[in-house]
Number of protein chains: 4
Amino acid sequence: MVGGGPGAFIGAVHRMAAALDGRYELVAGAFSSDAGKSARAGAELGLDASRTHGSWEEMADAEASLPEDERIEAVSIVVPNHLHHGVAKSFLERGFHVICDKPLTTTVGDAEDLCRAVAARDLRFAVTYNYTGYPMVKEARELVRGGALGAVRKVVVEYTQGWLSTLLEADGQKQAAWRTDPERAGRSSALGDIGSHAHNLLRYVTGLEAVRLFADLGTVVEGRRLEDDAHLLLELEGRVRGTLFVTQVAAGERNHLRLRVYGTEGGLDWSQEEPEALRLLEPDGSVRILHRGGDGLSPQAAAYTRLPAGHPEGFLEAFANVYLAFARTLRGERGAFADDYPTVEDGARGVHFVERALESQSLGGWVDAAYAPPAEARR
Amino acid sequence: MVGGGPGAFIGAVHRMAAALDGRYELVAGAFSSDAGKSARAGAELGLDASRTHGSWEEMADAEASLPEDERIEAVSIVVPNHLHHGVAKSFLERGFHVICDKPLTTTVGDAEDLCRAVAARDLRFAVTYNYTGYPMVKEARELVRGGALGAVRKVVVEYTQGWLSTLLEADGQKQAAWRTDPERAGRSSALGDIGSHAHNLLRYVTGLEAVRLFADLGTVVEGRRLEDDAHLLLELEGRVRGTLFVTQVAAGERNHLRLRVYGTEGGLDWSQEEPEALRLLEPDGSVRILHRGGDGLSPQAAAYTRLPAGHPEGFLEAFANVYLAFARTLRGERGAFADDYPTVEDGARGVHFVERALESQSLGGWVDAAYAPPAEARR
Amino acid sequence: MVGGGPGAFIGAVHRMAAALDGRYELVAGAFSSDAGKSARAGAELGLDASRTHGSWEEMADAEASLPEDERIEAVSIVVPNHLHHGVAKSFLERGFHVICDKPLTTTVGDAEDLCRAVAARDLRFAVTYNYTGYPMVKEARELVRGGALGAVRKVVVEYTQGWLSTLLEADGQKQAAWRTDPERAGRSSALGDIGSHAHNLLRYVTGLEAVRLFADLGTVVEGRRLEDDAHLLLELEGRVRGTLFVTQVAAGERNHLRLRVYGTEGGLDWSQEEPEALRLLEPDGSVRILHRGGDGLSPQAAAYTRLPAGHPEGFLEAFANVYLAFARTLRGERGAFADDYPTVEDGARGVHFVERALESQSLGGWVDAAYAPPAEARR
Amino acid sequence: MVGGGPGAFIGAVHRMAAALDGRYELVAGAFSSDAGKSARAGAELGLDASRTHGSWEEMADAEASLPEDERIEAVSIVVPNHLHHGVAKSFLERGFHVICDKPLTTTVGDAEDLCRAVAARDLRFAVTYNYTGYPMVKEARELVRGGALGAVRKVVVEYTQGWLSTLLEADGQKQAAWRTDPERAGRSSALGDIGSHAHNLLRYVTGLEAVRLFADLGTVVEGRRLEDDAHLLLELEGRVRGTLFVTQVAAGERNHLRLRVYGTEGGLDWSQEEPEALRLLEPDGSVRILHRGGDGLSPQAAAYTRLPAGHPEGFLEAFANVYLAFARTLRGERGAFADDYPTVEDGARGVHFVERALESQSLGGWVDAAYAPPAEARR
């Protein structure tokens with residue numbers, strides 16, 4: 001693991017997610033660029049001191065120098081956005097598979113560079129768009145792609161949070177500080193941070209890509225350096241109408257990611273804060289609520305389910321499902337349920353999407369959004 | 001009443017709403033332009049045949065010729081949009097107060113003409129933006145305007161329906177036919193029909209007017225002559241960010257009008273399909289749900305409440321509240337709770353808003369949306 | 001109308017419910033035993049002074065003395081429980097149909113006396129168990145009786161309120177005062193007042209009668225003279241297991257009447273505070289929510305629906321449905337949808353049920369609860 | 001671990017729960033009484049073959065013979081009920097701490113024997129009443145015990161499932177088979193299996209013990225050997241009224257454990273299927289919903305929280321909290337948050353409660369339910 005030292009929220013999440021199914025063992029890390037902090041973190045996690053490092057360069061070299069059956073197999077990257085490219089590239093070049101947090105990189109060029117590096121060595125690369133790990137999101141995907149809603153016509157995806165309602169970064173809150181800092185987060189904050197999840201969720205469920213977009217980004221909290229609120233209008237493939245809005249200044253909202261898809265034969269509605277239920281809106285005015293673990297769900301949903309219906313699974317289990325799918329893929333477990341993880345190309349699409357939104361914002365008009373990452377092959 | 005003959009949904013609603021509190025008596029009508037149909041409707045409603053007419057011109061003249069204490073006091077207009085101006089003008093000119101369905105007219109010019117006519121004779125004119133009649137909407141208004149959310153920063157209003165998911169107008173469905181017909185509905189369908197409610201609800205609760213807007217209107221169902229889906233980005237007074245979206249092709253949605261307002265100190269969330277509850281989002285992550293009829297609500301909400309908490313009130317009661325406020329005003333009942341009805345100026349603002357959206361759509365860019373109707377005085 | 005003067009909650013409800021469909025006209029009343037108060041109430045309601053009375057005996061005689069086409073056709077009785085029998089009997093003997101609030105009477109003997117009086121003259125008598133007026137309750141009935149749940153096995157009905165959490169009757173609150181007074185309410189308070197609704201709702205939907213019961217009644221608020229909390233275990237016909245609990249001291253509860261029915265093939269769940277939805281629990285773990293006004297509901301539900309789906313109906317509309325069914329019956333409108341009102345025999349069953357609960361309580365054991373009112377014929 | 005071999009639901013849950021925080025390592029097991037099956041299970045779990053056994057007696061002896069710093073520290077017991085006592089006793093006698101699934105034993109005598117064994121050697125013993133591990137249950141406990149509801153007056157706890165709606169045990173379903181078999185489950189099925197959770201939840205949150213009870217147990221599914229449905233009326237300490245009902249034949253219900261507590265100042269409502277929210281019913285008719293992870297929750301709830309609000313935690317995290325509290329206790333971590341696990345005495349109370357219910361059932365009347373387990377000291 002690179003990153004994820006003391007005070008880091010997402011590092012601990014990655015570790016719990018990886019541990020849940022007993023398919024990963026944490027054996028090496030560069031948890032902080034402060035060698036002492038990294039060593040302490042490693043010790044707390046029970047690592048051998050020889051495999052705890054104060055820099056990822058050092059770790060990459062050290063692991064590569066170990067015999068093949070002793071070195072790490074894959075690295076998890078949980079550092080701020082601006083470092084993703086460098087760290088990932090370094091490990092890829094040494095032949096390690098990569099699991100990297102989102103957004104993939106801060107520029108499209110960097111993202112494409114990673115795509116090419118992955119393809120060149122036939123490695124595997126997962127981007128932790130963790131919300132696609134929820135079984136009921138998988139069920140939604142199967143239903144939409146299987147035609148249960150008829151032809152898709154309209155998509156509404158929103159992701160509203162309130163935690164940045166104040167200038168938290170001025171108080172030295174670590175999470176807020178780097179996410180609102182153009183040097184570390186890249187040119188976008190809210191859109192890159194949570195808009196990338198919303199964009200990927202929309203793509204994952206519907207299989208539709210944006211072809212045009214109009215964006216209105218705004219900075220609501222005075223003194224903030226990047227946008228904290230964004231509304232996008234989308235034209236998706238096949239003239240499907242879409243809207244995507246995200247905010248981090250909706251005081252009182254917790255972590256409200258919600259997707260609605262409407263087709264000629266009905267609609268569906270899923271919310272991350274109630275992830276166990278998938279609401280299907282029927283044209284007769286009734287609503288059918290499917291529950292994770294219920295009989296009759298798709299094999300895709302069932303394959304990423306651990307507990308019976310009524311025994312709530314949550315965020316960690318969904319996150320773990322990205323790790324689980326990656327493990328199944330690395331182990332060559334074939335079948336319908338491996339390969340169900342977000343790829344480096346999914347990551348590149350997300351970075352491109354944010355760039356086009358920034359372009360629309362600066363032009364004040366619609367812009368083209370069609371895109372294909374280089375070397376897209378699998379999936 | 002003008003309009004509201006057999007098969008008309010909204011005419012019956014107006015009659016039940018007016019009857020609920022025993023403050024209106026239906027005594028005359030031109031229910032259809034077919035004299036026979038109008039007469040039959042009148043007879044079914046127990047009207048005197050002498051006061052049932054086959055044209056509104058005839059009715060206006062006949063009522064005006066009656067002695068002052070025998071003639072109608074106010075007229076309800078429930079005809080298709082394109083007729084609102086003519087009918088309303090005619091009754092205003094004869095000195096009758098008017099209650100008119102929304103949208104007020106099909107052009108801003110017509111709307112302003114009515115504003116001037118109302119002001120000139122010091123008459124009263126209500127536009128039945130009925131959703132503002134819900135007690136918990138009044139509570140929301142009191143809370144927002146009283147500062148309970150701090151400074152407002154962001155507003156999301158949506159109105160999604162599914163009933164026009166198919167080309168219903170081709171099957172001769174009467175409601176669909178006129179609402180999608182430019183000759184009768186005006187230049188807009190979804191935005192004029194339900195977007196006008198969403199716009200007015202936003203204004204009513206927040207007191208904020210749009211100063212700029214960007215609109216993307218679309219016609220999803222092939223063969224339809226007007227838009228059935230619309231997304232708008234708004235800049236409200238004080239740089240408040242807003243989004244408004246409406247659709248009539250979200251298959252499976254019933255009548256989902258929802259308003260969310262976020263301020264520096266919290267948010268609120270209200271949905272028309274669960275109108276008895278008002279959700280207040282607190283910055284600490286808790287949610288407080290206020291219920292109609294509860295202790296401690298504002299006098300404004302309490303004044304438009306008929307039943308104790310837990311005894312659900314609904315659409316008809318809210319609609320009746322517009323009639324009730326208008327009756328209180330006509331009777332000169334002073335105090336905080338008369339005058340709480342949507343005025344002709346509110347109606348003009350709605351018509352103007354739709355026109356600006358059409359302008360933005362044709363330009364593909366942001367347009368100015370600031371506006372003041374003529375002769376705006378009261379409220 | 002007898003009763004329903006100033007300060008009476010339920011009188012106003014009856015009047016609004018009767019008015020809603022324009023099928024009743026209020027023409028006479030004895031609104032209070034204080035002649036002055038009654039006269040003032042009558043005047044406010046627009047009644048002719050000659051038909052406003054200071055006693056129901058006077059009113060009954062006066063109406064009976066009018067020519068047949070001028071006198072009232074039916075009387076609404078909205079006085080405290082202990083007066084129901086006397087008033088109803090008096091009007092029945094003069095040939096008037098009766099609409100009477102619940103519980104029907106305070107003793108089984110009185111209830112049976114009314115049953116016989118109704119049968120003897122072939123009059124109609126409705127008891128306003130208003131919660132059976134909700135369209136989705138009618139839908140539930142059709143589903144259960146049509147076998148949608150398979151064989152019924154278990155029923156849970158609860159009615160929880162909090163308004164009597166304090167000794168409100170000691171503060172002179174009029175509603176609390178008579179309902180907790182054995183002289184006026186009868187031998188039971190909570191069970192008679194709201195348990196009778198719960199019992200009737202269970203019977204209406206399932207068609208099952210209790211054959212044995214065990215009751216535990218308690219008085220939670222110190223100083224109260226009757227029970228304010230009751231738990232009953234039921235054995236219904238066919239060895240179906242049931243539980244019924246009611247309370248008026250659950251601080252914070254508003255008016256939570258809820259019915260759950262489980263059969264071999266699934267369950268259903270309906271709550272009065274969200275009356276527009278009927279939840280069907282499927283054995284596969286999914287839930288189907290039917291909404292009032294939706295396509296595909298039973299004709300019985302549709303016949304008591306006024307507005308499209310998504311336009312909330314509530315308590316008043318349900319109450320009005322009892323009046324509407326009674327009007328359809330009196331007018332001889334045949335078909336499936338007349339006669340769908342609670343009868344005097346339903347009322348007698350409710351009174352008997354309460355008496356058996358009191359008996360179980362005093363014995364501390366199970367008691368027989370089977371019962372048939374005299375002269376039960378119709379329905 | 002003893003038990004938890006192939007096909008066992010709860011064994012895997014215990015393992016994931018123990019793993020989540022990295023405070024337990026699974027090193028030895030007797031996963032099945034079939035030595036081959038046990039060995040295969042151990043191998044799959046990565047255990048050393050020398051520490052995988054075909055009987056728990058063998059495992060107990062083997063572990064006790066290891067040097068102190070190599071042997072297990074505690075054993076998890078996840079076998080059917082009738083074996084709990086024997087296994088636990090054996091490990092206790094060899095000085096191991098125990099984590100045991102519920103119900104503790106099948107007789108009160110056995111339960112008391114374990115209480116004495118624990119006390120005699122000053123060991124620790126946790127019973128996995130896992131539902132008390134939910135942070136919002138801990139919050140409920142803090143609120144109730146801190147007086148937020150005033151004096152408690154009434155408690156309603158229910159646990160409804162539908163999975164035993166058919167005679168699943170006749171199809172060889174392993175879970176159903178032993179739970180409905182008197183030889184393995186003990187004299188009670190539904191009440192012992194899920195009623196014990198409901199009873200413990202009530203006790204945990206309110207701190208109140210039952211002093212009298214009346215029970216009505218029933219077997220709904222023909223051919224079943226033990227009860228699958230039970231309704232209990234409770235008198236709790238301080239004359240608090242309670243009701244507890246459980247069923248496993250409510251077709252369509254998943255795992256609906258719900259607790260409602262009403263006091264003089266308000267109520268609370270928590271449901272296991274939506275465990276992140278705790279609903280507080282205020283006397284003014286409003287509802288306040290607290291969310292896990294929110295600011296301002298009690299330290300007790302916060303200490304058992306891993307993720308921010310809006311990132312759902314679920315069943316596994318709650319289960320893990322029992323393991324976490326036990327680990328904190330074993331490690332001597334002092335403070336408010338260790339020792340927050342269900343003890344052997346809590347287990348004994350549960351067994352006694354079921355026995356009294358069976359007694360009431362056979363007598364058809366109220367029975368005394370007061371009880372204190374032997375050697376109750378801590379907590």
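Scroll up to find the structure.
Note that the structure is predicted; figures quoted are calculated from it, not measured.

Q: Which parts of the structure should I look at to understand the sheet that holds strand E4 (residues 125-127) of chain C?
A: Within a sheet, neighbouring strands are paired by backbone hydrogen bonds and run either parallel or antiparallel to one another. Residue and element names in this part refer to chain C. Strand order in the open sheet made by the 4 strands is E1-E2-E3-E4, with parallel pairing throughout. Edge strands, defined here as strands with exactly one partner in the open sheet, are strand E1 (2-3) and E4. Taken together, the 4 bridges between strand E2 (residues 74-78) and strand E3 (residues 97-100) define a ladder with parallel strand orientation. Bridging from a neighbouring strand, Ser76 pairs with Ile99 of E3.

Q: How should I be thinking about the sheet that holds strand E3 (residues 97-100) of chain A in this particular structure?
A: All names here are of chain A. In spatial order, the strands read E1-E2-E3-E4; together these 4 strands make up an open sheet with parallel pairing. At either end of the open sheet lies a strand with only one pairing partner, and these are strand E1 (2-3) and strand E4 (125-127). Bridge analysis of E1 against strand E2 (residues 74-78) gives 2 bridges, and the strand direction is parallel. Across the sheet, residue Gly3 finds its bridge partner in E2, namely Val78.

Q: I would appreciate a short explanation of the relation of the copies chain A and chain B in the present structure.
A: Think of it as a corkscrew move, a rotation about one axis and a shift along it, taking one chain copy to the other. Aligned on chain B, chain A shows an RMSD of 0.0 Å; the corresponding rotation is 180 degrees and the shift along the axis is 0.0 Å. Expressed as an axis order, the relation between the two copies is that of a two-fold axis. Minimal C-alpha separation from the rotation axis in chain A is found for Gly365(A), amounting to 2.9 Å. When the interface residues of chain A are mapped onto chain B, 100% of them again lie at the interface, so the same face is used by both copies.

Q: How should I be thinking about the side chain of Asn81(B) in this particular structure?
A: Residues and elements named next belong to chain B. With respect to the helices, strands and loops of the structure, Asn81 is situated in helix H4 (residues 81-93). A relative accessible area of 5% places Asn81 in the buried class. Excluding its chain neighbours within four sequence positions, the residues that come into contact with Asn81 are Lys102, Pro103, Thr106, Trp178, Arg184 and Ala185.

Q: Sorry, what's going on with the packing of aromatic side chains here?
A: Aromatic rings considered in pairs are described by the distance between their centres and by the relative angle of their planes. All names here are of chain B. Across all of its chains, the model carries 44 aromatic pairs over all chains by this definition. On the basis of an interplanar angle of 90 degrees and a centroid distance of 5.1 Å, the ring pair of Phe326 and Tyr341 is categorised as edge-to-face. Within this pair, whereas Phe326 is found in helix H11 (residues 315-330), its partner Tyr341 is found in the loop between H11 and helix H12 (344-363), the two being separated by 15 residues in sequence. In this structure Tyr341 comes out as buried when scored by relative accessible area, which is 2%.

Q: Would you explain the relation of the copies chain C and chain D in this entry?
A: Rotating chain C by 180 degrees and translating it 0.0 Å along the rotation axis places it on chain D, where the RMSD comes to 0.0 Å. In this assembly the copies share their binding face: 100% of the residues contributing to the interface of chain C also contribute to that of chain D.

Q: Help me understand the interface of chain A and chain B, please; the structure alone is not making it clear to me.
A: How big an interface is tends to be reported as the loss of accessible area on association of its parts. Facing the 42 residues of chain A at the interface are 42 residues of chain B. Around 3,300 Å² of area is buried between chain A and chain B when both sides are counted, 53% of it from carbon and sulfur atoms. Remark: the boundary between chain A and chain B carries 8 salt bridges. Between Arg260(B) and Glu158(A) there is a salt bridge; the shortest N-O distance is 2.6 Å. Counting every contact that joins chain A to chain B gives 18 residue pairs in polar contact (both at pLDDT 80 or more). Contributions of two or more residues to the side of chain A that touches chain B are made by strand E5 (152-160), strand E6 (210-218), strand E7 (229-236), strand E8 (240-247), strand E9 (256-263) and strand E10 (266-271) of chain A. Residues belonging to the side of chain A that touches chain B are distributed by class as follows: 16 nonpolar, 14 polar and 12 charged.

Q: Even after reading the chapter, I still don't get the pattern of salt bridges, so can you show me in this structure?
A: Side chains that differ in sign of charge can pair as their charged atoms come close. In the structure shown here, the tally under the stated rule is 120 salt bridges over all chains. The residue Asp21(B) makes a salt bridge to Arg306(B) at a minimum N-O spacing of 2.8 Å. Of this pair, Asp21(B) sits in the loop between helix H1 (9-19) and helix H2 (35-44) while Arg306(B) sits in the loop between helix H10 (299-302) and H11, and the two are 285 residues apart along the sequence. We classify Asp21(B) as partly exposed; its relative accessible area is 29%. Arg306(B) gets classed as buried once you look at its relative accessible area, which sits at 16%. Because the salt bridges share partners, they merge into one network encompassing Lys154(A), Arg241(A), Asp216(B) and Asp229(B).

Q: Please clarify how helix H11 (residues 315-330) of chain C should be interpreted in this entry.
A: Quick reminder: α-helices carry 3.6 residues per turn. Residues three or four places apart thus point the same way. Over its 16 residues, H11(C) extends 23 Å from the first C-alpha to the last, a length consistent with the 22 Å expected when each residue adds 1.5 Å. Most of H11(C) is tucked away: 15 of the 16 residues are buried.

Q: Is there a simple way to explain the packing of helix H9 (residues 190-206) of chain C against helix H12 (residues 344-363) of chain C in this structure?
A: The axes of two packed helices give the description: the angle between them and the distance between them. All names here are of chain C. In contact at an axis separation of 9 Å, H9 and H12 are set at 120 degrees when each is read in the N-to-C sense. Here H12 runs oblique to H9, going by the angle between their axes. In this structure, H9 crosses over H12, and the sense of that crossing is right-handed. Along the contact surface, H9 presents Leu191, Gly192, His199, Asn200 and Arg203, while H12 presents Asp346, Arg349, Gly350, Phe353, Val354 and Ala357.

Q: Could you clarify how one ought to interpret helix H6 (residues 135-145) of chain B in this entry?
A: For H6(B), a buried count of 9 out of 11 residues is recorded, marking the element as mostly surrounded by other parts of the structure. Taken from the residues just after H6(B), Gly147(B) is the one with a positive phi, measuring 90 degrees.

Q: What should I look at first to understand the interface of chain C and chain D in this one?
A: With 42 residues of chain C in contact, the opposing surface of chain D contributes 42 residues. Together chain C and chain D conceal approximately 3,300 Å² of surface at their shared face, both sides included; 53% is due to carbon and sulfur atoms. Applying the counting rule to chain C against chain D returns 8 salt bridges. In this structure, the salt-bridge partner of Arg241(D) is Asp216(C), at a minimum N-O distance of 3.5 Å. If you look at where chain C meets chain D, you find 18 residue pairs in polar contact (both at pLDDT 80 or more). Among the elements of the structure, strand E5 (152-160), strand E6 (210-218), strand E7 (229-236), strand E8 (240-247), strand E9 (256-263) and strand E10 (266-271) of chain C are those that each provide at least two residues to the side of chain C that touches chain D.

Q: Would you take a moment to explain unusual backbone geometry for this structure?
A: What is expected of a backbone is that most residues other than glycine have negative phi and most peptide bonds are trans. Following Lys102(C), the chain continues to Pro103(C) via a peptide bond in cis, the omega torsion being -10 degrees. Residue placement: Pro103(C) occurs in the loop between E3 and helix H5 (108-121). Positive phi outside glycine occurs at Arg239(A), with the angle close to 60 degrees. Residue placement: Arg239(A) occurs in the loop between E7 and E8. On the basis of relative accessibility, which here comes to 69%, the residue Arg239(A) falls in the exposed class.

Q: Which parts of the structure should I look at to understand the nonpolar core?
A: Across soluble globular proteins, nonpolar side chains show a tendency to be buried alongside one another. Counting residues in hydrophobic clusters, the biggest one holds 150 residues, and the most contacted among them are Leu232(B) and Leu232(C). Considering each element in turn, this core owes the most residues, 11 residues, to H11(B). Once residues within four sequence positions are removed from consideration, Leu232(B) is found in contact with Leu191(B), Leu213(B), Phe214(B), Ala215(B), Gly242(B), Thr243(B), Leu244(B), Phe353(B) and Ala357(B). Judged by nonpolar contacts, the second largest core, of 148 residues, contains Val155(A), Ala215(A), Ala198(D) and Leu232(D).

Cut-off values and rules
Residues numbered from 1 in each chain as written. Chains lettered and ligands numbered in written order. Predicted model: local features only at pLDDT ≥ 70, side-chain atom pairs only at ≥ 80, totals over all residues. Heavy atoms only, no water. Pairing = 2+ DSSP bridges. Helix = DSSP H or I, 4+ residues; strand = E, 2+ residues; numbered from the N terminus. Least-squares fit on C-alpha atoms with pLDDT ≥ 70 in both. Contact = heavy atoms within 4.5 Å. Buried < 20%, exposed > 50% of the residue type's maximum accessible area, 1.4 Å probe, protein only. Phe/Tyr/Trp six-rings, centres within 6.5 Å; stacked < 30°, edge-to-face > 60°. Buried area = accessible area lost by both parts, 1.4 Å probe. Salt bridge = Lys/Arg side-chain N within 4 Å of Asp/Glu carboxyl O. Polar contact = N/O pair within 3.5 Å; in protein donor to acceptor, adjacent residues only side chain to side chain. Nonpolar A, V, L, I, M, F, W, Y, C, P; charged D, E, K, R; others polar. Expected span 1.5 Å × (residues − 1). Axes fitted to C-alpha atoms, helices over the stretch in contact; angles between N-to-C directions. Parallel < 35°, antiparallel > 145°, perpendicular 65-115°, else oblique. Left-handed = near helix turned anticlockwise from the far one by under 90°. Core = buried A, V, L, I, M, F, W, Y, C linked by side-chain atoms within 4.5 Å.

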